[in-house]
Amino acid sequence: MSSTSTLSLPLQRNARKKGFPSSPVTKPFTANLTFSFSLRLTKAIHVKSSSTAKFNEVVVDEEIDKIRRLQNGSDVRGVAVEGEKGRTVDLTPPAVEAIAESFGEWVMNRLESEGGVPVEGVRVSLGRDPRISGASLSAAVFSGLARAGCLAFDMGLATTPACFMSTLLPPFAYDASIMMTASHLPYTRNGLKFFTRKGGLTSPEVEAICDKAARKYANRLTKVSTTLSIPPTKVDFMSTYAKHLRDIIKERVNHPLHYDTPLKGFQVPFYSFYSFAFSFSLVVPRWNVPNHIPNPEDKTAMALTKAAVLENNADLGIVFDTDVDRSGVVDSSGNPINGDKLIALMAAIVLREHPGSTIVTDARTSMALTQFIANRGGHHCLYRVGYRNVIDKGVQLNKDGIEAHLMMETSGHGALKENHFLDDGAYMVVKIIIEMVRMKLAGSYEGIGSLIEDLQEPFESVELRMNVISEPKHAKAKGAEAIEAFRNYIEEGKLEGWELDSCGDCWVSEGCLVDLNDTPAAIDAYIYRAKVSDKEHGQHGWIHLRQSIHNPNIAVNIQSSVPGGCQSVARVLREKFLIASGKEKSLDITQIDKYAKNGQVG
């Protein structure tokens, strides 16, 4: 069957079809929101039906898989705009509507189970970054929330940390929040992040929401929706959030001469995708440099910030990603501080305030960072990659009676116990600004870079990628299979001098670095790290393989303290594992080949 149809429907016209109940329908209202889309069916779809299904479901596997594949760990991400080579649009308004409806129902069910009584008037806020797909997908979110019976609040342009804080700060204090963003990914992408007052949702929770949404999506004969009982209420939360951050700086600096303007005399440019409310109108001049990749790991972003710092003789430069849950800084000498350096800087600050604290990071950090933390009396806990994993690990450690005040990823994601375990790039910068001012008030003019001057950098470090050769729906299983084979090769002694890594009470087990406790976290992607040693140098580095949750590939990170060490490790990986095991047939190892042969990446 092949057909093409284009629909452009006002919201009030497309009432719910009978026979597919989901939530009560209330009287529609007239709104100026329209979804336009093309529905193309290029092959026959086999439909399974069951007369005993509770909701008379029509289960279409292909349609269900479309929604399930949008889950990326604890987020939802997909292609929202045409223009990306090799990718088709899959994050459509109908898909987003089904996911938002399922989230709304999930929130209501959670509140009912906690309170023991039915709830009404559940309030959910939505913020978004400046992507061009934001407006149409926002309409889909509001429609889905209305279907679920929730009241929606439109925050407009916002940040990820602000969305979570909108569930806590009065007078807003919403029951839940959604942030629409795809972080630093291309403009063609978009996504959703979910929050309640307890924090961000976990991967299993998002998986359950997407599974329910997939069935809703497959059951709808018309893939566009839209009956809204109440229009979203527009709110200005960002002004309240900005004041919240400013007040924290003022209170904790407690400047003896000018309390209300503690950064008077400081120059602090910041480099962001757009000028948002974090620009401290009372104490920091606005600074906006458009048209760049919004990523604190991006060399161009850091270089431009360095130039701004040096040109203006600034005290500090700040870099955010699009939704401001990640950050990086540049010190007064123009030195970029991101990755391991940013973790070290935050660890130095936190360990002054909380001696002996455990610092949780992902397993891509250097051996030198572990030593840096130990030298300051802290403990370093290596955990699996994924900011949600790292944060949840810190939460679990604190529940187990182990003080963990800082959780950070090398990507710039970071959370603090004092800030609700929230992944918050803005709050990280607030901590750094406070420390910068305190140092100057104490008579030190060395700048925040002096706090990490003894951190040694790895001699060599490289990240390579292996694409999984498979249909999208089989890619995750194929990737997991390859990484498990890697583990087996090491355990069987086939890679001489390589040993699965361990750290304290954590151990490489069940595809990830996990605690040996009664409640190990669910696995969202398979990951292994191995220590690498040889007779000449002893242990000189490590290799880390991880399955990407965003794309069908495997990331290979290698660090070494000796010249040529990373290339040597890459050769062993290529010859003694990938080729010897036959995995080069299911993986595109072009980058590994090139680096192993001539030491070049790309």
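The rules behind the values
- Residue numbers here run from 1 along each chain, matching the order of that chain's written sequence.
- Under the rules for a predicted model, residues below a pLDDT of 70 receive no local features and side-chain atom pairs below 80 are neither given nor counted, while totals for whole chains, interfaces and linings still include all residues.
- In computing side-chain properties, one takes all heavy atoms of the structure into account and sets aside hydrogens as well as water.
- Only DSSP runs of H or I covering at least 4 residues are called helices, and only runs of E covering at least 2 are called strands; the numbering of each starts at the N terminus.
- With a 1.4 Å probe rolled over the protein chains alone, any residue whose accessible area is under 20% of its type maximum counts as buried; one over 50% counts as exposed, and the rest are partly exposed.
- Lines fitted to C-alpha atoms define the axes, with helix axes restricted to the stretch in contact, and inter-axis angles between N-to-C directions lie between 0 and 180 degrees.
- The labels follow the angle: roughly parallel below 35 degrees, roughly antiparallel above 145, roughly perpendicular from 65 to 115, and oblique for the rest.
- For a crossing to be left-handed, the near helix must be turned anticlockwise from the far one by less than a right angle; the clockwise case is right-handed.
- Contacts are assigned to residue pairs with any non-hydrogen atoms lying within 4.5 Å of each other.
- Nonpolar residues are Ala, Val, Leu, Ile, Met, Phe, Trp, Tyr, Cys and Pro. Charged residues are Asp, Glu, Lys and Arg, and all others, Gly as well, are polar.
- Two strands qualify as a pair provided DSSP detects at least 2 bridges between them.
- The span you would expect from a helix comes to 1.5 Å times its residue count less one.
- Two axes enter the definition of the bend at a residue: one is fitted to the seven residues ending there, the other to the seven starting there, and the bend is the angle between them.
- Side-chain rings of Phe, Tyr and Trp (the six-membered ring for Trp) are treated as a pair once their centres are within 6.5 Å; stacked means planes under 30 degrees apart, edge-to-face means over 60, and tilted covers the remaining angles.
- Just to be clear on terms, a salt bridge is a Lys or Arg side-chain nitrogen sitting within 4 Å of an Asp or Glu carboxyl oxygen.
- Residue types Ala, Val, Leu, Ile, Met, Phe, Trp, Tyr and Cys, when buried and joined through side-chain atoms within 4.5 Å, form a set referred to as a nonpolar core.
- What marks off one domain from the next here is an automatic or database domain assignment.
- In this description, one arc is meant: the one made by directions from the helix axis to the C-beta atoms.

Thoughts on unusual backbone geometry
Outside of glycine, negative phi angles account for most residues, and trans bonds account for most peptide bonds. Pro 171 follows Pro 170 through a cis peptide bond whose omega is 0°. Within the secondary structure, Pro 171 is located in the loop between α4 (160–165) and β9 (176–180). Backbone geometry places Asn 313, a non-glycine residue, at a positive phi of 50°. Inspection of the secondary structure assignment puts Asn 313 in the loop between α7 (299–311) and β14 (316–320). For Asn 313, a relative accessible area of 66% corresponds to the exposed category.

Some remarks on the packing of helix α2 (residues 93–115) against helix α5 (residues 203–219)
Two elements in contact, α2 and α5, have axes separated by 8 Å at closest approach and are oriented at 125°. The orientation of α2 with respect to α5, classified from their angle, is oblique. The hand of the α2/α5 crossing is right-handed. Touching Pro 94, Ala 95, Ala 98, Ile 99, Glu 101, Ser 102, Phe 103, Glu 105, Trp 106, Asn 109 and Arg 110 of α2 are Glu 205, Ile 209, Lys 212, Ala 213, Lys 216 and Tyr 217, all from α5. The class makeup of the residues in the contact of α2 with α5 is nine nonpolar, two polar and six charged.

Concerning the sheet that holds strand β20 (residues 414–416)
Overall, mixed pairing links the five strands, which are arranged β18-β17-β19-β20-β21 in an open sheet. Two strands close off the open sheet at either side, each with one partner strand: β18 (379–383) and β21 (422–423). Sitting on the sheet, helix α8 (residues 340–353) touches β17 (358–362), β19 (404–408) and β20, and the angle it makes with β19 is about 170°.

Side note on helix α13 (residues 565–581)
Along its 17 residues, α13 runs 23 Å from first to last C-alpha, staying within 8% of the 24 Å computed at 1.5 Å per residue. The largest bend in α13 comes to about 30°, at Arg 574. Looking only at α13, the buried set comprises Gly 565, Cys 566, Gln 567, Val 569, Ala 570, Leu 573, Arg 574, Phe 577 and Leu 578. In the stretch just after α13, Gly 582 is the one whose phi turns positive, near 80°.

Let's talk about the pairing of β14
Most of β14 is tucked away, with five of its five residues classed as buried. Along β14, one buried face is formed by Leu 316, Ile 318 and Phe 320 and the opposite face, lined by Gly 317 and Val 319, is buried too. The turn linking β14 back onto strand β15 (residues 327–331) is made up of six residues, and Val 324 within it adopts a positive phi angle of 65°.

Quick look at the environment of Lys 535
Tracing the sequence through the fold places Lys 535 in the loop between β27 (527–534) and β28 (538–547). Through-space distance from the C-alpha of Lys 535 to that of Gly 497 is 8.4 Å; in sequence the pair is 38 residues apart.

A few points about the packing of aromatic side chains
In total, this model carries 10 aromatic pairs according to the counting rule given. Here Phe 103 and Phe 194 contribute two aromatic rings whose centre-to-centre distance is 4.8 Å and whose plane-to-plane angle is 40°, an arrangement assigned as tilted. With Phe 103 in helix α2 and Phe 194 in strand β10 (residues 189–196), this residue pair connects regions lying 91 residues apart in the sequence. In terms of burial, Phe 103 and Phe 194 fall into one category: buried.

Topic: the pattern of salt bridges
Enumeration over the complete set of coordinates arrives at 38 salt bridges. Between Arg 77 and Asp 75 there is a salt bridge, with its nearest N and O atoms 3.8 Å apart. Note on Arg 77: relative accessible area 11%, which makes it buried. Exposure remark for Asp 75: the relative accessible area of 3% places this residue in the buried category. Salt bridges linked by common partners bring Arg 252, Glu 353, Glu 418, Lys 431 and Arg 438 together as one network.

Quick look at the nonpolar core
Counting 62 residues, the largest nonpolar core has Leu 316, Val 329, Leu 345, Leu 406, Ile 432, Ile 433 and Ile 448 as the members making the most contacts within it. Looking at this core, the elements with two or more residues in it are β8 (151–157), α4, α6 (238–253), β14, α8, α9 (367–375), β19 and α11 (425–441). At 11 residues, the largest contribution of residues to this core is made by α11. Mapped onto the domain boundaries, this core takes at least three residues apiece from domain 1 (57–235) and domain 2 (240–451). Residues within four places of Ile 432 in sequence aside, it is in contact with Leu 316, Val 329, Leu 342, Leu 345, Met 346, Ile 349 and Ile 448. Residues Ile 67, Ala 80, Val 96 and Met 108 belong to the second largest nonpolar core, which totals 40 residues.

Description of the sheet that holds strand β22 (residues 460–468)
One open sheet accounts for six strands, arranged β23-β27-β28-β29-β22-β30; its pairing is antiparallel. Of all the strands in the sheet, the pair left with one neighbour each is β23 (498–500) and β30 (587–588). Alignment of β28 against strand β29 (residues 553–560), held across seven bridges, turns out to be antiparallel. In the sheet register, Arg 546 faces β29, and the bridge partner there is Ala 555. Against the sheet, α13 engages β22, β23, β27, β28, β29 and β30, with an angle of about 135° to β29.

Details of the packing of α8 against α9
For any two helices packed against each other, one specifies the crossing angle of their axes together with the interaxial distance. Taken N-terminus to C-terminus, the directions of α8 and α9 make an angle of 10°; their axes are 10 Å apart at the nearest point. By the angle between their axes, α8 is roughly parallel relative to α9. Within the contact between the two elements, α8 uses Asp 340, Ile 343, Ala 344, Ala 347, Ala 348 and Leu 351 and α9 uses Leu 369, Phe 372 and Ile 373. For the contact of α8 with α9, the per-class residue count stands at eight nonpolar, no polar and one charged.

Focus on α7
For α7, with 13 residues, the first-to-last C-alpha span of 18 Å sits near the 18 Å given by 1.5 Å per residue. All of the buried residues in α7 are Ala 301, Met 302, Thr 305, Ala 308 and Val 309. The arc enclosing the buried residues of α7, seen along the axis, measures out at 120°, which places them on a common side. Looking at α7, the residues exposed on the side facing more than 90 degrees away from the buried face are Lys 299 and Glu 311.

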